[in-house]
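Examination of the molecular architecture
Listed here are the chains, written in short residue letters.
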Amino acid sequence: RKMVGKLTTGCTEFDEMMGGGIETQAITELYGEFGSGKTQLAHQLAVNVQMDREHGGLNGSVIIIDTENTFRPERIAQMVKGLSEKYGMELDPEEFLQNIHVARAYNSNHQILLVESATDLANELRDMGKPVRLLIVDSLMAHFRAEYVGRGTLADRQQKLNKHMHGLLRFGDLFNACVVVTNQVMAKPDAFFGDPTRPVGGHVVGHTATFRLYLRKSKGDKRIIRLVDSPNLPEGEAVIAVTTAGLTD
Ligand code: ADP
Ligand code: MG
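Notes on the packing of helix α2 (residues 38-48) against helix α3 (residues 73-87)
Here α2 crosses α3 at 55 degrees, and the two axes come no closer than 10 Å. Our classification of the angle between α2 and α3 gives oblique. Taken as a pair, α2 and α3 cross one another with a handedness that is right-handed. Across the interface between the two elements, Gln40, His43, Gln44, Val47 and Asn48 of α2 pack against Arg75, Ile76, Met79, Val80 and Leu83 of α3. In terms of residue class, the contact of α2 with α3 is built from five nonpolar, four polar and one charged.

So, the environment of alanine 42
Relative to the helices and strands, alanine 42 resides in helix α2. Using a relative accessible area of 4% as the deciding quantity, one classes alanine 42 as buried. Measuring from C-alpha to C-alpha, the distance between alanine 42 and cysteine 11 comes to 14 Å, with 31 residues separating the pair along the chain. Residues contacting alanine 42, with those up to four places away along its chain left out, are Ile136 and Asp138.

Calculation rules
- Residues numbered from 1 in each chain as written.
- Chains lettered and ligands numbered in written order.
- Predicted model: local features only at pLDDT ≥ 70, side-chain atom pairs only at ≥ 80, totals over all residues.
- Heavy atoms only, no water.
- Axes fitted to C-alpha atoms, helices over the stretch in contact; angles between N-to-C directions.
- Helix = DSSP H or I, 4+ residues; strand = E, 2+ residues; numbered from the N terminus.
- Parallel < 35°, antiparallel > 145°, perpendicular 65-115°, else oblique.
- Left-handed = near helix turned anticlockwise from the far one by under 90°.
- Contact = heavy atoms within 4.5 Å.
- Nonpolar A, V, L, I, M, F, W, Y, C, P; charged D, E, K, R; others polar.
- Buried < 20%, exposed > 50% of the residue type's maximum accessible area, 1.4 Å probe, protein only.

Written as structure tokens, this is what we have:
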């Protein structure tokens, strides 16, 4: 077993809550309502992972499985500019974009298949300057939710989802990579699940995700991130800000 790496979020409190950062060889789930900052955090991690270890990165590249078409290269460029200013370094947004491999997933089966393509790509990049150290699925459940409607199909869905989650775990182990998935919360109290602040995906996602983070909006550009579930860290909360330059304290 390789030593676990830690990827900085760029936010002091948040990193401290996570015991140093987002761990490799684990699935970290970001859940929260629309606009809570899940996709923003995913973009920021895609930038940070490329930094060297002295700057909290993993010297790696990233694969993003984008199911909602919310990846924005322009946003990456803003964040790279933000880091350039933060560290007084000249960082080239184009170089960062070249190390972000984005794949659109058109349905849940395709999404599952893309983890296999990601594995092939990560194998190719294994001995290169920037091996894949981060795999993002944004969002994990959107296709599953849209395709499997009604109680009768739930068992089917959970079986597929279970396969998907284990594919992701395996990827994290194989490449000593962080795996970050985003998830929605119930829009309204649900007869089956009850709590409106619970992420979707039921026990399959709940038991496979190593770290679960609940994001919610606060005043202005502030967001509160709550560590809900972790094998080794206490529960806690951290405040971050979503700014033009990226995620900050
Ligand atoms: P979700 O949790 O639905 O994925 P997002 O991560 O897309 O939410 O967050 C969207 C929010 O992020 C916007 O409402 C805005 O507050 C903030 N945001 C997005 N882009 C920028 C930007 N360039 N500068 C500052 N804030 C931004
Ligand atoms: Mg989003």
